[in-house]
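Close look at the chain arrangement
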Amino acid sequence: MNGYRVVLALLLATCCQAAAESLTVVSWGGAYEQATRKAVLEPFSAETGIEVLVEVYNGGLAQVRAQVETGNVHWDLVDLEMADIILGCDEGLLELIASEDLAPAADGRRTADDFFPGTLTDCGGAFIVYSTVYAYNTETFPGDKPATIADLFDIESFPGRRGMRRTAQANLEFALMADGVPISDVYATLGTEAGMARAFRKLDTIKDHIVWWETGAQPPQMLADREVVMSTAYNGRIFDAAVMEKQPFVIVWDGQVLDTTGWVIVAGTRNLEAARRFLAYSSRPDRQADLSHYISYSPGRLSGAALIGTLLATGMDMRPHVPTSAQNLDRALPINSEWWSDHADEVNVRFSAWLAR
């Protein structure tokens with residue numbers, strides 16, 4: 001009888017340990033999620049034996065905040081935009097992480113110096129650098145083609161509907177750049193009432209022509225269906241549609257808004273140690289660079305840039321197609337995540353009121 005109890009106890013312990021060795025991570029879906037699975041999630045599981053379950057969301061802190069405040073935390077890690085990481089960290093919604101707990105650089109520099117500028121926080125650092133660009137279907141414009149951020153707002157030269165994400169972020173920056181504000185002055189301008197009003201006035205010029213999107217999969221579909229003649233979009237989504245699906249899409253890099261996402265741990269997770277292992281693994285420069293085998297995003301680690309390779313499906317050199325390549329950075333605006341974490345609430349209220357008018 002005692003032997004039976006020992007065996008039963010061992011079985012229960014093994015069962016409970018196996019159940020604990022799993023993580024629920026939350027990502028953005030689509031081609032990006034598939035690339036993340038191949039470059040990070042599946043290799044992590046193979047190396048550690050920890051099962052990774054994936055859920056999909058559209059961004060933001062609302063669900064994270066609800067889980068933490070109710071004590072019902074069922075997400076372990078979330079891939080958040082940098083402004084939300086800063087805000088969530090400040091609010092205590094995310095677990096604190098020391099830089100020395102993340103992976104070392106690939107070239108010998110200090111870990112703390114190896115992240116894309118402004119993207120190492122007390123709760124984690126950048127995983128990828130992506131950009132919000134705009135793109136068009138070449139079949140829509142047989143003659144002159146859009147080439148600058150100003151063309152996105154030029155209804156006379158390029159008539160037709162525009163796709164835009166239903167958010168103030170990036171759209172206000174696009175509007176000011178299109179209105180002639182130098183890239184270096186965008187956030188100083190947005191920080192004034194006159195500058196904010198100027199951005200909304202510029203958006204007014206195309207408001208009646210905008211089709212709003214909320215998920216990254218929508219812009220390529222709208223372009224393919226000719227629902228819009230051009231659309232803002234995540235650069236990786238357009239690349240995937242153009243290269244993998246052979247859609248006649250072209251990215252306009254002028255005025256691209258560079259942003260980052262990063263993996264963070266939800267405060268109160270019951271799988272903290274496994275989550276910390278995942279965070280360290282996903283911060284490895286080689287893991288981040290491997291993402292470029294599948295989609296056109298840059299590593300969040302600076303030392304990962306030298307490790308960017310080719311698209312496995314075609315053998316294409318991916319370096320010219322990522323947002324941080326020299327040829328694409330000429331007229332790029334790095335998003336000011338600190339500004340957005342400080343002003344998002346008030347600006348979003350104003351944006352919602354503008355939408356409703």
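The rules behind these values
- Residues numbered from 1 in each chain as written.
- Predicted model: local features only at pLDDT ≥ 70, side-chain atom pairs only at ≥ 80, totals over all residues.
- Heavy atoms only, no water.
- Helix = DSSP H or I, 4+ residues; strand = E, 2+ residues; numbered from the N terminus.
- 1 Å grid on protein atoms, 1.4 Å probe; cavity = no way out; pocket = protein on both sides within 12 Å on 5 of 7 lines; lining within 4 Å.
- Points joined across faces, edges and corners; volume = space filled by probe spheres on them.
- Nonpolar A, V, L, I, M, F, W, Y, C, P; charged D, E, K, R; others polar.
- Phe/Tyr/Trp six-rings, centres within 6.5 Å; stacked < 30°, edge-to-face > 60°.
- Lys NZ or Arg CZ within 6 Å of the ring centre and 35° of its normal.
- Axes fitted to C-alpha atoms, helices over the stretch in contact; angles between N-to-C directions.
- Parallel < 35°, antiparallel > 145°, perpendicular 65-115°, else oblique.
- Left-handed = near helix turned anticlockwise from the far one by under 90°.
- Contact = heavy atoms within 4.5 Å.
- Buried < 20%, exposed > 50% of the residue type's maximum accessible area, 1.4 Å probe, protein only.
- Pairing = 2+ DSSP bridges.

1. Topic: unusual backbone geometry
For Arg-226, which is not glycine, the phi dihedral falls at a positive 60°. Relative to the elements of secondary structure, Arg-226 occurs in the loop between helix 8 (218–224) and strand 9 (230–234).

2. Considering the layout of surface pockets
Approximately 530 Å³ is the volume attributed to the largest pocket. What lines the largest pocket is a set of 24 residues, and nearest its centre among them are Gly-60, Asp-84, Thr-167, Ala-344 and Asn-348. Elements represented by at least two residues in the lining of the largest pocket include exactly helix 3 (62–70), helix 4 (82–90) and helix 12 (337–356). In the lining of the largest pocket, the residues fall into nine nonpolar, eight polar and seven charged.

3. Digging into the packing of aromatic side chains
How two aromatic rings sit relative to each other is set out by the distance from centre to centre and by the angle between their planes. Counted according to the given criterion, the structure contains 18 aromatic pairs. Where Trp-212 meets Phe-351, the ring centres are 5.8 Å apart and the plane angle is 90°; that geometry is what we call edge-to-face. Taken as a pair, Trp-212 in strand 8 (residues 210–213) and Phe-351 in helix 12 lie far apart in primary sequence, 139 residues in all. Sitting above the plane of the Trp-354 ring, Lys-207 keeps its charged end 4.5 Å from the centroid.

4. Considerations on the packing of helix 4 against helix 12
Two elements in contact, helix 4 and helix 12, have axes separated by 8 Å at closest approach and are oriented at 60°. Taken together, the axes of helix 4 and helix 12 lie oblique to each other. As for how helix 4 packs across helix 12, the hand of that crossing is right-handed. Mapping the contact onto sequence places Met-82, Ala-83, Ile-86 and Leu-87 in helix 4 and Ser-337, Glu-338, Trp-340 and Ser-341 in helix 12. In the contact of helix 4 with helix 12, the residues fall into five nonpolar, two polar and one charged.

5. A closer look at helix 5 (residues 171–178)
Along an α-helix, a turn takes 3.6 residues, which lines up residues three or four apart on a common side. Across the eight residues of helix 5, eight count as buried, placing the element largely inside the fold. Where helix 5 is concerned, the buried positions are Asn-171, Leu-172, Glu-173, Phe-174, Ala-175, Leu-176, Met-177 and Ala-178. Two residues or fewer past helix 5, Gly-180 is found with a positive phi of approximately 100°.

6. Regarding the pairing of strand 6 (residues 128–137)
Of all 10 residues in strand 6, 10 are buried; the element is thus mostly enclosed. Side chains Ile-128, Tyr-130, Thr-132, Tyr-134 and Tyr-136 project from strand 6 onto one buried face, and the interleaved Val-129, Ser-131, Val-133, Ala-135 and Asn-137 project onto a second face that is buried too. Of the pairings in the sheet, the one linking strand 6 to strand 10 (residues 249–265) comprises nine bridges and is antiparallel in character. Counted as the bridge partner of Ala-135 is Ile-251 from strand 10. Across two bridges, the pairing between strand 6 and strand 11 (residues 298–299) is antiparallel. From the neighbouring strand, Val-129 faces strand 11, where its bridge partner is Ser-298. Note: strand 6 against strand 9, five bridges, orientation antiparallel.

Bear in mind that shape data such as this cannot, by itself, settle questions of function.
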